[in-house]
Structures are given as C-alpha cells and as structure tokens.
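# Observations on the model geometry
Okay, here's what each chain looks like letter by letter:
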Amino acid sequence: METRSLLLLLFAITSLFISAIGGQLYLGRWKLLKRSIGISAMHMQLLPNDKMIMFDRTDFGPSNLSLPEGKCISESHNTDCFCHSVEFDSINGNIRPLTILTDTWCSSGALSENGVLVQSGGYRLGERVVRSFNPCADCDWVEDANGLITPRWYASNQVLPDGKKFIVVGGRYQFNYEFIPKTSSSDQTLYQLPFLKETRYSPLIPNNLYPFLHLSADGNLFVFANDRAILLDYVNNKVVKNYPVMPGGISRNYPSTGSSALLPLILHGNFSIIPNVEVFICGGTLPDANQKADAGEFIAASKSCGRLVINTANPFWEMEEMPMNRVMGDMIMLPTGDVLIINGAAKGTAGWNSAREPVLSPVLYRPNTPKNSNTSRFEIMSPSTIPRLYHSTAHLLSDGRVLVGGSNPYRNYNFTALYPTEISLEAFYPPYLGSNTSRPSITAIVPGVNLGYKQKFSMWFQLKEEESLGNIYVTMVAPSFTTHSLAMNQRLLVLAMDDNGVQNVAAGNNYVVHINTPATPTLAPAGYYQLFVVHEGVPSKATWVHIK
C-alpha cells in the first residue's frame, strides 16, 4: 500500500510539473505530417517495427491512391482498383500501399504475441474474414475467408493472456463471442452472451456495439455495453460479476459513442500483491440521440466520466465531468500514465453526417491528481484546426507523440461537404515534448529485450549532465488497435523498481535502475510492449521489449 501511495503522489507531482515550464502553462502543439496518405485512417495499429498499419473500407469508392501493380478488387457489386490500406513509417514518414481484398468497414483487431496484426470481420464479403499482416519489408495482407463462425461487424477484440488467442465479442445482431485463430475444437464453438441482447437499446440504435473490453488481473474479461458491465469467465461461459449501472442515463457505445481506457496498473515488488484494475469511461450521449440526429436535431453530448475499480469486493462508480461535451472521443494512454482524450464532436452521435460542432481541443486527464473543489484532473490542450469526427483515430507513437488521422462521416469519399473526408495525418505533441524540456534516453536493457514473467532486469539510461535525478519511474505500454473511439488492447503498466532505487553509474549522468517484470500474463499478455523511463514527467523514447 505504501509503494502504491508513493507512486500515485509521484505521478500527480510530475504530471503537473511538466505542464508548467518556466512558470507558464504549456498546452502541447500540433504538426501536420501528411496532407494526404491516400486513404482515410479509419483503423490504426502500430507494429513493433514502428510502422503504422492503417485502412478504411473497400467500398468507399475511389481513394487518392491506386493499388500497387495494377491490382483490382472484385466484389459482387463493383470493381475497385484503388488502395484502401497503407503502411506508414512513423520514423521517416514514408507511405507504402497495401492490398486488402475484402471489406474491412467497422472491423476489429489485435497484435499477436509474435508481432503479427490479426484483424477480423467487416462488411459484406469481409464479415467472416480473418486477416493477418506480418511486420516485414515487403509483406502484405493475408486473408482467411472463413476465419469466423459468424458475421462480425462492429465487434471488439481482446488479446488473451498467451498472446496467441483472441476473443471476438459481439457485432451487429450478434449476441455471442468466439475465439480466433481456429486451432482447437473449442474454437469452433459459438458462445452465447445474453448480456449483449439485454443491453441493446433497439435493433436500429443498439448503443452497445463495439463493447468496451478489458482483461482483468484474474484473467476474466470486463465487458461494458451501453451503460453497464459484467465480468465474464469466457472459458466457462459464465458471468461471475454484475457491476452497478453507470449513473446518468447516458449510452456509451456505438452509435452513442463514448470511450474507455484501463488506467495504469501499478505493480508491486511483491509478486503476490494484485494491483487495482480501474476502468475509465467518458462521453457518449442520450440513448435516442442518433434517432434525433437522423431527423436533423443534434443534441449535446455528455460531459460525464466514470471510474470503476473492477476487482474490489464492492465496486462503485466515481463520477466526474470533462470540461466540455464530447462524443466519439479517443482515449490514448500516454507514457506518463496520463490519459489524452482527443477527437470527436460536442453534438450528435456516430454515424453518417450525424454530428456537429467538432471538438478541436484535446483534454489531458491526470488520474492520480487528488479530486477536490480546488483541483481538476482535466486540462484543456491546444486545439487542432482539422475536425476529426466519425471514423477518426489516434495512436501513441514510440517517440511520445500521438498520431491522429481519419474522419469520414459519409458513405463515400467526400471532399466538399461540411466536414470533408480527411486523408491527412497530424501529430499532437503533449506538454512533455515542449521545447524547454529535456528527455531521458534508454541506453541498454540487461540482459536483453526478451523478458519473462517474475524476472528482474536492469535498465540503463542517461540524463543531461546539468539535471538532478528527480523522480523516476518506468512504464510498459501495449500498442492498441484503434477504431471508432475504441483503443482495443491498450494497456499501461507501471513496473516495480528494486528498493535500491536508481543508482548512478560510470561518470556524471549515467544511471541504472533494477526492475521487476509483471508476475503473470493476465497482468501483461504475452507480446510486444513499448518500454519508457519517465523523469520528472518527461518520458524517453520507447524501447520495444517482448515478454512471454
């Protein structure tokens, strides 16, 4: 308990420190990276080679990029010779066109233990497809037309502890779940989940699509849909806990789209101590807002947020409010453990031309700031100039920036509408990337970047010579699959350091810290993670590590 309290205080102090540089508040900045990547970035996944895979849908019509080598895609209703997926190199900015043969509209995905992107579902000929993308120089999409038992459109994916298996939950008219890839007889079973039917607002306005999924520390799955949640033992197809309804009468899932994140898991040096697992949910709107938007009435989105510690005996919602109304916001975990809420609109819902008043300013949320009348956990950041509405995305990069793309609230590419289709990419630089801040740099991981559970390893890092040591902590971030305001599989762990703390080595500004890896794969599913060292609220660039 003492270790956790100290870390909470440390986070609160350092995150407040870094937003005030030289006595003046610094609110981050924006930079346009690409005016056109050829497609609208509806889905994003960062790979361990720092390449971002992005795609929209194959029936959007002509994009601004042709398929490589004169290829064309043939579906029953059209032929499309245009690219709808690209690989973006986040280091040099290069774009490589990729080929998807089946429709990925409103699909889901996850990164496997070996670094392969496994992506599932979509629309029409894509609704039962499982696709994979291997991170290599000339790789392209590989598709299994019969990878799913049932159609999956607006479903959610969660990587399971071994990193090799994924659970796919829900989808339009699907009140069930299944496992991919199909490697055993149990994977051929469709498991019913009545909770998904119970939480549907109506057949046309479900308000429970793209359910929020978070893997708890005991290996069970937290499933949130509309305004309530369960803890699911997916192995035995049994609901083991029902959580209180989230207060306020607000729907949080598609099309009343809010967003969700798992707050930092703060690990202890004693492997037997289980950390609090706390879910954070913000935004959304009234249940009938989508129906009203279709009739031309765009009602205000919600400001409300709630936090729920899901592994306590008597969980309850702690409610608070954002500084502004927001629907379709993305929640991105920053390396510091803070949450960036970005993109979206102040009125309306997700759906075709169903939102108004783009919210251009991100909000930084500091989860460990004490909640009282004199202090807000929220801070409004510098605004973008580009509206990012339905079908927009955001993703943390290894250098600490947040990549932002997409936005297309129309059935096809439309560059002359009120909120035109966006094929640009921009980056938001959080306050810790201010011009007056200096960053620590990781110089070595000993014995290496391939880690095991319950293992000790050493991180060597460097500070500028004139800096004092200050507050140091180490975080490990699982890259997410982001789409429709949902960062699937996003996870941040604060690793436990040895009691000896940080030691000065060699000369001057070189340091080493000894760290414990997570105890179990239910805390950190096997796979690739971005490892950061944070000094006085400023993170290093990430070093990719692998755990299994």
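Below or above, wherever it landed, is the structure these notes cover. None of these values were measured; they are calculated from a predicted model.

### Quick word on the sheet that holds strand 32 (residues 378-380)
The four strands lie next to each other as 27-28-31-32, forming an open sheet whose pairing is antiparallel. Strands with a single pairing partner mark the edges of an open sheet, and in this sheet they are strand 27 (330-333) and strand 32. For this sheet the average axis-to-axis angle between neighbouring strands, irrespective of direction, equals 25 degrees. As judged from the four bridges shared by strand 27 and strand 28 (residues 339-342), these two strands associate in the antiparallel manner. The residue bridging methionine 333 from the neighbouring strand is valine 339, located in strand 28.

### A closer look at unusual backbone geometry
Proline 255 follows tyrosine 254 through a cis peptide bond whose omega is 5 degrees. Cis geometry marks the peptide bond from valine 446 to proline 447, where omega comes out at 15 degrees. Within the fold, proline 447 resides in the loop between strand 36 (441-446) and strand 37 (450-451). Despite not being glycine, asparagine 226 has its phi angle at roughly 70 degrees, a positive value.

### Examining the pairing of strand 12 (residues 130-133)
The sheet contact formed by strand 11 (residues 117-120) and strand 12 spans four bridges and is antiparallel. From the neighbouring strand, serine 120 faces strand 12, where its bridge partner is valine 130. As defined by bridge partners, strand 12 adjoins strand 13 (residues 142-144) across three bridges and the pair is classed as antiparallel. Bridge pairing links arginine 131 to glutamate 143 in strand 13.

### Observations regarding empty space enclosed by the protein
All chains considered together, the criterion is met by 11 cavities of 30 Å³ or more. Reported here for the largest cavity is a volume of approximately 160 Å³. As for the largest cavity, its lining consists of 15 residues, of which Leu111, Val159, Ala478, Tyr528 and Tyr529 are closest to the centre. Counting only elements with at least two residues in the lining of the largest cavity, the list comes to strand 10 (108-111), strand 14 (156-159) and strand 45 (527-535). In terms of residue class, the lining of the largest cavity is built from nine nonpolar, four polar and two charged. Along the wall of the second largest cavity there are 13 residues; nearest its centre are Gly171, Tyr173, Phe175, Asn208 and Leu209.

### Side note on the packing of aromatic side chains
Applying the stated criterion to the full structure yields 24 aromatic pairs. Judged by centre distance (5.7 Å) and plane angle (15 degrees), the ring pair of phenylalanine 212 and phenylalanine 224 falls under stacked. Of the two residues, phenylalanine 212 sits in strand 18 (residues 212-215) while phenylalanine 224 sits in strand 19 (residues 221-225), which places them 12 residues apart along the sequence. Judged by its relative accessible area of 0%, phenylalanine 224 falls in the buried class. An angle of 20 degrees between the planes, with centres 4.2 Å apart, marks the rings of phenylalanine 280 and tyrosine 365 as stacked. With phenylalanine 280 in strand 24 (residues 278-283) and tyrosine 365 in strand 31 (residues 363-365), this pair connects stretches of sequence that are 85 residues apart. Like phenylalanine 280, the residue tyrosine 365 is buried in the burial classification. An aromatic cluster is built from Trp105, Tyr123, Trp153, Tyr154, Tyr210, Tyr254, Trp352 and Tyr390, whose rings are joined through pairwise contacts.

### A word on the layout of surface pockets
A volume near 320 Å³ is recorded for the second largest pocket. Taken together, 17 residues make up the lining of the second largest pocket; nearest its centre are Arg172, Leu204, Tyr254, Asn290 and Trp352.

### Side note on the pattern of salt bridges
Applying the stated rule across the entire model yields 16 salt bridges. Glutamate 143 serves as the salt-bridge partner of arginine 131, at 3.7 Å between the closest nitrogen and oxygen. Of the two residues, arginine 131 is situated in strand 12 and glutamate 143 in strand 13; the sequence distance between them amounts to 12 residues. Judged by relative accessible area, which is 0%, arginine 131 ranks as buried. Under the relative-accessibility criterion, glutamate 143 is labelled partly exposed at 24%. Note that glutamate 320 and arginine 377 form a salt bridge whose closest N and O atoms lie 3.0 Å from each other. Of this pair, glutamate 320 sits in strand 26 (residues 317-321) while arginine 377 is found in the loop between strand 31 and strand 32, placing the two residues 57 residues apart along the sequence.

### Observations regarding the sheet that holds strand 38 (residues 456-462)
Spatial ordering of the open sheet is given by 36-38-44-43, a layout of four strands whose pairing is antiparallel. This sheet does not close on itself; its edge strands, each paired only once, are strand 36 and strand 43 (496-505). This sheet shows a mean twist of 20 degrees between the axes of neighbouring strands, independent of strand direction. Where strand 38 meets strand 44 (residues 510-516), seven bridges bridge the pair, whose relative direction is antiparallel. What sits directly across from tryptophan 460, in strand 44, is valine 512.

The rules we used
- Residues numbered from 1 in each chain as written.
- Predicted model: local features only at pLDDT ≥ 70, side-chain atom pairs only at ≥ 80, totals over all residues.
- Heavy atoms only, no water.
- Pairing = 2+ DSSP bridges.
- Helix = DSSP H or I, 4+ residues; strand = E, 2+ residues; numbered from the N terminus.
- Axes fitted to C-alpha atoms, helices over the stretch in contact; angles between N-to-C directions.
- 1 Å grid on protein atoms, 1.4 Å probe; cavity = no way out; pocket = protein on both sides within 12 Å on 5 of 7 lines; lining within 4 Å.
- Points joined across faces, edges and corners; volume = space filled by probe spheres on them.
- Nonpolar A, V, L, I, M, F, W, Y, C, P; charged D, E, K, R; others polar.
- Phe/Tyr/Trp six-rings, centres within 6.5 Å; stacked < 30°, edge-to-face > 60°.
- Buried < 20%, exposed > 50% of the residue type's maximum accessible area, 1.4 Å probe, protein only.
- Salt bridge = Lys/Arg side-chain N within 4 Å of Asp/Glu carboxyl O.

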